[in-house]
Amino acid sequence: MPRLIDRNGPADDRWAVLGEADPMPAAGAVIVPLARLEEALGAGLELGVHVPNDTPPEALSPHFARLALVSVAFPGFADGRGFSVGHSLRALGYTGRLRATGHVIADQFAYLLACGFDEVSLTDDLALRQPPEHWAAAPGRITLGYQRGLTGRGSILDARRAARAGGSRG
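Here's a quick rundown of the structure. Source: prediction; values computed, not measured.

**A few points about the overall build of the protein chain**
Here comes step 1: Per the secondary structure count, the protein chain includes six helices and eight strands.
Here comes step 2: Considering the protein chain as a whole, with its 170 residues, one finds that 43% of them fall into the buried category.
Here comes step 3: Within the protein chain, residue pairs in contact and separated by at least 24 positions form 46% of the contacts whose partners lie at least 6 positions apart.
Here comes step 4: Looking at the protein chain as shown, the accessible area adds up to about 8,900 Å², and 55% of this sits on carbon and sulfur atoms.

Right, dumping it as C-alpha cells:
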C-alpha cells in the first residue's frame, strides 16, 4: 500500500526518516527531527527536517537554502495548524518540497495543495483505509474556497458577488 501521495498519485519515497537516536548516515537523503537540525546541517546530506505543527515557520527561514524538504506533523484530522505552517513557509519564500505527515485524509488534500504542500506521507492505517483512487479524485472536488488567492480560482465570496452583479444587469 503506497504511503506517499503527491498530486500525480502514489510516489516513491527516497527519504530515510531518522529518529532522535538514529545514527547519522554518511550519504543520502534524510529527514531529521527538528531537535537534530543543527547536527544534520553540517553532515553534507540531502537534508529534510520534520517539524511539529506548532513550530514558528520563521525559525526555519535561516536554513531554507539547505533544506530540500520540510515535513510538517499533522497529529490529528481536526488540528489545522499544519496548514498554517505550510502556507507560512511558502509565504516566507521556502521553495523546497513540503510534506504533510500523519493524520490527514483525502478530503483535505485539495487544501494541502492550496497551502503549498507537495505531498502527503500517510500512516499505515490511513493508507489502508483510503486507497490511491480517493487521493487522485480529491484535488478536483473543491473548486472554490473562502480565502482569496489560496486556490488560484477565486473565492466563494467573489463568485457570489459576480453572480449578483450579473443578475442585476438583465
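**Considerations on the packing of aromatic side chains**
What describes a pair of aromatic rings is the distance from one ring centre to the other and the angle between the planes of the rings.
Here comes step 1: Considering all chains together, one arrives at four aromatic pairs under this definition.
Here comes step 2: Ring geometry for F109 and W135: centres 5.3 Å apart, planes at 75°, overall edge-to-face. With a gap of 26 residues between them, F109 in helix α3 (residues 109–114) and W135 in helix α5 (residues 132–137) connect regions that are remote in the sequence. W135 matches F109 in its accessibility class, with the two residues each being buried.
Here comes step 3: A connected cluster of aromatic rings, assembled from ring pairs, spans F74, F83 and F117.

**Quick look at the pairing of strand β4 (residues 29–33)**
Here comes step 1: Burial analysis of β4 places five of its five residues in the buried class, the great majority of the element.
Here comes step 2: Of the two faces of β4, the one holding A29, I31 and P33 and the one holding V30 and V32 are both buried throughout.
Here comes step 3: Judged from the two bridges that link them, strand β3 (residues 16–17) and β4 form a sheet pairing that is parallel. Bridging from a neighbouring strand, A16 pairs with V30 of β4.

**Remarks on the pattern of salt bridges**
Here comes step 1: For the coordinates displayed, the defined rule picks out nine salt bridges.
Here comes step 2: Note that R14 and E46 form a salt bridge whose closest N and O atoms lie 2.7 Å from each other. Of this pair, R14 sits in the loop between β2 (9–10) and β3 while E46 sits in strand β5 (residues 46–51), placing them 32 residues apart in sequence.
Here comes step 3: Here E119 and R99 are joined by a salt bridge, their closest N and O atoms 2.8 Å apart. Of the two residues, E119 is situated in strand β8 (residues 119–122) and R99 in strand β7 (residues 97–102); the sequence distance between them amounts to 20 residues.
Here comes step 4: Take E119: its relative accessible area is 5%, and that puts it in the buried class.
Here comes step 5: Residue classification places R99 among the buried residues on the basis of a relative accessible area of 2%.

**Notes on the environment of H50**
Here comes step 1: Take H50: it is sitting in strand β5.
Here comes step 2: The class for H50 is partly exposed, based on a relative accessible area of 27%.
Here comes step 3: Filtering out sequence-adjacent residues up to four positions away, H50 remains in contact with I31, V32, P33, L34, S71, V72, A73 and T101.

**Side note on the nonpolar core**
Soluble globular proteins tend to pack their nonpolar side chains together in the buried interior.
Here comes step 1: One finds L60, V70, V72, L89 and L112 to be the most contacted residues of the largest nonpolar core, which totals 36 residues.
Here comes step 2: Considering every element that reaches this core, the biggest residue donor is strand β6 (residues 67–74), with four residues.
Here comes step 3: If sequence neighbours within four positions are ignored, V72 has contacts with H50, V51, N53, G82, V85, L89, L98, R99, A100, T101 and F117.

**So, the side chain of Q130**
Here comes step 1: Mapped onto the secondary structure, Q130 falls in the loop between α4 (124–129) and α5.
Here comes step 2: Assessed through its relative accessible area of 17%, Q130 is described here as buried.
Here comes step 3: In this structure, Q130 is in contact with V104, I105, A106 and W135, ignoring residues within four places of it in sequence.

**Overview of the environment of P23**
Here comes step 1: If you trace the backbone, P23 turns up in the loop between β3 and β4.
Here comes step 2: Once you skip the residues sitting within four places of it in the chain, P23 turns out to touch L18 and R36.

Conventions we followed
Residues numbered from 1 in each chain as written. Predicted model: local features only at pLDDT ≥ 70, side-chain atom pairs only at ≥ 80, totals over all residues. Heavy atoms only, no water. Helix = DSSP H or I, 4+ residues; strand = E, 2+ residues; numbered from the N terminus. Buried < 20%, exposed > 50% of the residue type's maximum accessible area, 1.4 Å probe, protein only. Contact = heavy atoms within 4.5 Å. Areas by Shrake-Rupley, 256 points an atom, 1.4 Å probe, with all protein chains shown as cover. Phe/Tyr/Trp six-rings, centres within 6.5 Å; stacked < 30°, edge-to-face > 60°. Pairing = 2+ DSSP bridges. Salt bridge = Lys/Arg side-chain N within 4 Å of Asp/Glu carboxyl O. Core = buried A, V, L, I, M, F, W, Y, C linked by side-chain atoms within 4.5 Å.

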